[in-house]
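Residue-level structure breakdown
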Amino acid sequence: MESTITSQRDHQPDWPVESEVSRARAELSRATPLVPASDIRRLTARLAQPAFLLHAGDCAETFRDNTRPSVANRVSLLRDMSAAVELQSGHSVVTVGRIAGQYAKPRSAPTERHAGLTLPSYLGDAVNEVEFSDEKRTPDPRNLVRAYEESRKTLSYLERSGVFTSHEALLLDYERPQTRRSAIDGRLYDQSAHLLWIGERTRSVPGPHIAFAAEIANPIAVKIGPSATPADLVALHVVLNPDNIPGRLAFIFRMGYERAYDLVYAMLSRVVAEGWVDRVVCDPMHGNTVASPAGVKTRVVHEIEAELRAFFGACSDLGVTPGGVHLELSGDDVSECVTTQISDTYLSRNYRTACDPRLNPIQASYLAQVAGELLAAHRDISSQTVLAMSNR
Ligand code: PEP
Ligand code: CO
């Protein structure tokens, strides 16, 4: 991976000095692994079981908010949500945080313009800083090493919490050096997190992100948006899970609530027809981002709920097990998503996200409750189907 990287090519930053990024990669390749391969294998084993996945956390973690109380708030919210889904549905839940490494963001545009000044977009704390100045927005490869150190700190706060970690595998300069061969099974593990996902903008086959994901033995998730076709799903399955191993691959659908039922139905039909064991998960947030009258990014909880219901509906109609939910949330009382009405007054109360609008604890708990109820209803439908079939 020594090629010169230009802006936006495969969403890799335009690092100004190549020797500095080489140094950062060398430092990461010598660093102590963040997570043991045995824990990665443990997550694969959990995901191979028919447990429900709660996959949630920040859109973009920040170094500034990487404090013990902030991490504790997020983790206790995740645990409460998992407990609520378990209680409602009677299914066990595997909890995976977008945490301890979610420091890189793909952006729709490589630059941003404010008051006559054009600067590189914010690409996550592993690359540059949110503050809109030439100095802060210039990608600095030392942030890769800092992201590792901050992740290590988060992991120390997470000890004994029972939460697995994940982030978007976007920056290959961060992921590749942390990929090591296990002496136990001879396979490669990206030891920067338990689960890695590939985002909607970098899931092309062939492309460097999918090629990287194919090489590693971690559980992999791939975001699937409205532009994807069932043929894209086939290409991803063939590259990422050719042996159809349970626990290896998850598709995370993020379609937008209006078209979610039809689009998810078409995708799931293919999953069923091909006989794949891949997990299917609903991200009801990334297809439902809108702008307020003042131009602030927000999401409407009712629309998020509508996509969640559409996903469960498509699963029920096809007899597919709903595999999980993927959410962006904060453990703090932020005002970034609205319940029904978009109000700039409400949004301005405590809008703090470094990237996408997150659910606050009340909104997130509500959606966990809805997911639990839908899962319980799905189980009733499935057991009726089994009963009806066995009575035939
Ligand atoms: C995200 O999960 O923050 C994200 C950028 O999602 P997507 O790739 O689905 O757009
Ligand atoms: Co996001």
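Residues numbered from 1 in each chain as written. Chains lettered and ligands numbered in written order. Predicted model: local features only at pLDDT ≥ 70, side-chain atom pairs only at ≥ 80, totals over all residues. Heavy atoms only, no water.

A separate point is the pattern of salt bridges. Counted according to the given criterion, the structure contains 27 salt bridges. A salt bridge links Arg74 to Asp58, with the nearest nitrogen and oxygen atoms 3.2 Å apart. Linking Arg74 in helix α3 (residues 68-89) with Asp58 in the loop between β1 (52-57) and α3, this pair joins segments that are 16 residues apart in sequence. Its salt-bridge partner being Glu112, residue Arg137 comes within 3.3 Å of it at the nearest N-O pair. Note that Arg137 is positioned in helix α4 (residues 134-137) and Glu112 in strand β3 (residues 111-114), a separation of 25 residues in sequence. Each of Asp58, Glu61, Arg74, Glu336 and Arg358 takes part in one network of salt bridges that share partners. (Salt bridge = Lys/Arg side-chain N within 4 Å of Asp/Glu carboxyl O. Helix = DSSP H or I, 4+ residues; strand = E, 2+ residues; numbered from the N terminus.)

Now for the sheet that holds strand β9 (residues 220-224). One closed barrel holds the eight strands; their spatial order is β1-β2-β5-β8-β9-β10-β11-β14, and the pairing between them is parallel. On average, each strand axis in the sheet is tilted by 25 degrees relative to the strand beside it, whichever way the strands run. α3 contacts β1, β2 (93-98) and β14 (324-328) of the sheet and is inclined by roughly 155 degrees relative to β2. (Pairing = 2+ DSSP bridges. Axes fitted to C-alpha atoms, helices over the stretch in contact; angles between N-to-C directions. Contact = heavy atoms within 4.5 Å.)

The subject of this paragraph is the packing of aromatic side chains. One pass over the full model with this rule turns up six aromatic pairs. The interplanar angle of 35 degrees and the centroid separation of 5.7 Å between the aromatic rings of Tyr261 and Tyr265 together place this pair among those described as tilted. You can see Tyr261 and its partner Tyr265 sitting in helix α9 (residues 260-274), four residues apart, about one turn around the helix. Note on Tyr265: relative accessible area 31%, which makes it partly exposed. Ring centres 5.8 Å apart and planes at 85 degrees place the aromatic pair Phe311 and Phe312 in the edge-to-face group. Both residues of the pair, Phe311 and Phe312, count as buried. In this structure an aromatic cluster arises from ring pairing among Phe52, Phe311 and Phe312. (Phe/Tyr/Trp six-rings, centres within 6.5 Å; stacked < 30°, edge-to-face > 60°. Buried < 20%, exposed > 50% of the residue type's maximum accessible area, 1.4 Å probe, protein only.)

To continue, consider unusual backbone geometry. The omega torsion of the bond from Val205 to Pro206 falls at 0 degrees, within 30 degrees of zero and hence cis. Looking at the element boundaries, Pro206 is found in the loop between β8 (195-198) and α7 (208-215). We note that Ala115 has phi near 45 degrees; this positive angle belongs to a residue other than glycine. Its location among the elements puts Ala115 in the loop between β3 and β4 (117-120). Relative accessible area serves as the criterion here: at 88%, Ala115 is assigned to the exposed category. Notably, Asn244 is not glycine yet its phi reads approximately 55 degrees, a positive angle. With respect to the helices and strands, Asn244 occurs in the loop between α8 (230-240) and β10 (249-253).

What is shown is where atoms sit, not what they do.
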